[in-house]
Amino acid sequence: MSNLEKYNAAFIDSFGINAEKLNGLLYQSIPEWDSIGHMQLVAALEDSFQIMLETDDIIDLSSYEIGKKIIAKYGVVL
């Protein structure tokens, strides 16, 4: 599984959505991406990439696209 597939799977599994909804997905734009869903996503990303996100990055993770930039800061190439 590629890193992009792992990244996408974290969103899909955390929110129970299909891949077509990923592009343009924003925090709280779907009912599943609430504060609890946000922490499930963070845990999924940390587990998938064996990283520990900093608090500022957890707060800044406000969209699918921004998440890609945040993950890249930890050396993950998508």
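In the block above lies the structure referred to throughout.
As the structure is a prediction and not an experimental result, all values here were calculated from the model.

Before going further, it helps to examine the packing of aromatic side chains. The tally for this structure, following the rule as stated, stands at seven aromatic pairs. Taken together, the ring pairs connect Tyr7, Phe11, Phe15, Tyr27, Trp33 and Tyr64 into an aromatic cluster.

To continue, consider the packing of helix H1 (residues 3–15) against helix H2 (residues 35–49). Running from N to C, H1 and H2 point in directions that differ by 150°, and their axes come no closer than 9 Å. Taken as axis vectors, H1 and H2 run roughly antiparallel relative to one another. Regarding H1 and H2, the two cross each other, and that crossing is right-handed. Mapping the contact onto sequence places Asn3, Lys6, Tyr7, Ala10, Phe11, Ser14 and Phe15 in H1 and Gly37, His38, Gln40, Leu41, Ala44, Leu45, Ser48 and Phe49 in H2. Residue composition of the contact of H1 with H2, by class: eight nonpolar, six polar and one charged.

Parameters and conventions
Residues numbered from 1 in each chain as written. Predicted model: local features only at pLDDT ≥ 70, side-chain atom pairs only at ≥ 80, totals over all residues. Heavy atoms only, no water. Phe/Tyr/Trp six-rings, centres within 6.5 Å; stacked < 30°, edge-to-face > 60°. Axes fitted to C-alpha atoms, helices over the stretch in contact; angles between N-to-C directions. Helix = DSSP H or I, 4+ residues; strand = E, 2+ residues; numbered from the N terminus. Parallel < 35°, antiparallel > 145°, perpendicular 65-115°, else oblique. Left-handed = near helix turned anticlockwise from the far one by under 90°. Contact = heavy atoms within 4.5 Å. Nonpolar A, V, L, I, M, F, W, Y, C, P; charged D, E, K, R; others polar.

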